[in-house]
Amino acid sequence: MRCGCARYALPAVSETPRQELERSLLEHRALFQARFGGGEVPRMWFSPGRVNLMGAHLDYNGGPVMPTAIDRGTFFALRPRADGRIRLASTLEPGELEFETEALPSSPARRWSDYPVGVLREMQVRAREHGRRIGGFELLFGGNLPVGAGLSSSASICVGTALALSQTWGLDLPRLELVRAALAAERGFVGVQCGIMDPYAVGLARAGSLLWLDCKDASSAWMPLDARHYSIAVADTLVRRELAQGAFNERVRQCERALAALAPHQPGATCLRDVRPETLDSRRAGLDPLLARRAEHVVREVARTFAARAALLRGDLAGFGAEMTRAHASLRDLFEVSVPELDALVDAAGACEGVLGARLTGAGFGGCVVVLLRRGAETELRAGLEREFRARFGRSPVVEFFGGDEGPREILL
Ligand code: GLA
């Protein structure tokens, strides 16, 4: 089962990921024509989601992260219109939004369409800088990424929308500029004070690699992860907390307060990532215990993420996985963003042969666990997770094995 994407048929056992994507996009094109009418066929794009393996809650603290794009994401079907009108719809949400090119919505409506509208506003600015203008169009969104699971459906929509608009109106902006447009849309128009990880992970994706992204200066590098020997599983608890956004914002504020308390004792510190473990240790007594726990997670997660990178570089995937599992304990005990369902999946994964590491991914408060395992251990992992979870919660998690992805692109059918 995949949440929120019941409109697309499930993959046939014999299908390759490429065949599955093309078939889903053909279905999506038919849904576009059913909604907007026949005539010229729309152009199609795909934009992946992402899963983060190391560096939890570090992006907004200026630390390093190690995400990778996955072969599930957002579908786009776009056809220009001559009359200057813009129509946006989704196969996953009811309703449709329609407005004039010259009268873009100026404030968010607190709906999914805020993401593409925010991107459209950003892209209009960039188009003008190129002496161009984005004209009318109809655009249908869809996809096979579970929404609200922590796999970054919002960055997938935003970067993909930026690419589709850029290519349709001949702006041909570099990927980094699409990432910036996506980030500006989420922060400026949608109003989410998100870190930089998600749009970078989607926009700079390269198949077969983790992205090393240093969120202090946005420098990045690709680090190969050999898919012939290792596999990535994502197990969805299907727990969705309505208050998750509020709890996320609260963590951001707590980290800001911890930085304000510690920065005077750490020369040159501009973000919590800059605080050394020994500075935290020497100042702990004077710090609010809750802020000390939050800071401890961040400071030690920075060290763990560097250790994980070193392990990956020397081919020590067991060492990498051990840092993932330590990260989960810290998210549970110090950052306090786990829930019993996530803890149960991490414990169950740890008991399976061939598993190298497991931890919650995304913001937490529900959503998914990511597991790094040796190839060949998939069947046993799925059985183990389902058995343990069912025994405890009386239902199954959704366990999937995602391939990597090369990033947002037009798909010619
Ligand atoms: C959410 C945010 C990301 C990041 C993670 C936690 O997924 O969108 O920017 O902060 O939480 O690592």
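Each value, and the rule that gives it
- Residues numbered from 1 in each chain as written.
- Predicted model: local features only at pLDDT ≥ 70, side-chain atom pairs only at ≥ 80, totals over all residues.
- Heavy atoms only, no water.
- Helix = DSSP H or I, 4+ residues; strand = E, 2+ residues; numbered from the N terminus.
- Buried < 20%, exposed > 50% of the residue type's maximum accessible area, 1.4 Å probe, protein only.
- Contact = heavy atoms within 4.5 Å.
- Areas by Shrake-Rupley, 256 points an atom, 1.4 Å probe, with all protein chains shown as cover.
- Phe/Tyr/Trp six-rings, centres within 6.5 Å; stacked < 30°, edge-to-face > 60°.
- pLDDT = per-residue confidence, 0-100.
- Pairing = 2+ DSSP bridges.
- Near = heavy atom within 4 Å.
- Polar contact = N/O pair within 3.5 Å; in protein donor to acceptor, adjacent residues only side chain to side chain.
- Nonpolar A, V, L, I, M, F, W, Y, C, P; charged D, E, K, R; others polar.

Enquirer: Before we go on, may I ask you to explain the overall build of the protein in this structure?
Expert: Within the protein, the regular secondary structure consists of eleven helices and twelve strands. On the principal axes, the C-alpha backbone points of the protein span a range of 65 × 50 × 40 Å. Counting across all 413 residues of the protein, residues that qualify as buried make up 57%. Contacts spanning at least 24 positions in sequence make up 70% of the contacts within the protein whose residues lie at least 6 apart. Surface accessibility of the protein: about 16800 Å² in total, with carbon and sulfur atoms responsible for 51%.

Enquirer: What should I look at first to understand the packing of aromatic side chains in this one?
Expert: Working definition: an aromatic ring pair is given by the centre-to-centre distance plus the angle between the planes. Following the criterion strictly, the structure yields eight aromatic pairs and no others. A centroid spacing of 5.4 Å and a plane angle of 75 degrees characterise the contact between Tyr60 and Phe248, whose relative ring orientation is edge-to-face. Taken as a pair, Tyr60 in the loop between strand E1 (43–54) and strand E2 (64–81) and Phe248 in helix H6 (residues 244–262) lie far apart in primary sequence, 188 residues in all. Looking at Phe248, the relative accessible area reads 15%, which means it is buried. Measuring from ring centre to ring centre gives 4.8 Å for Phe389 and Phe393, while their planes differ by 45 degrees; the resulting arrangement is tilted. Of this pair, Phe389 and Phe393 both sit in helix H11 (residues 378–393), four residues apart, which is roughly one turn of the helix.

Enquirer: Is there a simple way to think about the confidence of the model for the protein in this case?
Expert: In low-pLDDT segments, the atomic positions of the prediction should not be examined closely. Looking at the protein, pLDDT values average 95 and 98% of them are 70 or higher. Here residues 1–6 is modelled with pLDDT under 50, and outside its nearest four sequence neighbours on either side it reaches 16 contacts, counting other chains as well.

Enquirer: Honestly, the pairing of strand E11 (residues 398–402) in this entry has me stumped. Any pointers?
Expert: Two faces, one strand: in a regular strand the side chains alternate between the faces of the sheet. Burial analysis of E11 places four of its five residues in the buried class, the great majority of the element. Taken together, the five bridges between strand E8 (residues 230–236) and E11 define a ladder with antiparallel strand orientation. Bridge pairing in E11 places Val234 opposite Glu400.

Enquirer: Help me understand the site of the ligand, please; the structure alone is not making it clear to me.
Expert: Surrounding the ligand, one finds Arg50, Ala56, His57, Asp59, Tyr60, Gly195, Met197, Asp198, Phe248, Gly362 and Ala363. Contacts to the ligand include Arg50, whose side-chain N or O atom sits 3.1 Å from an oxygen atom. In this structure, His57 approaches the ligand through a main-chain N or O atom, which is 2.8 Å from an oxygen atom. Taking 310 Å² as the accessible area of the ligand by itself, protein coverage stands at 89%. Across the shell around the ligand, the residue classes break down as five nonpolar, three polar and three charged.

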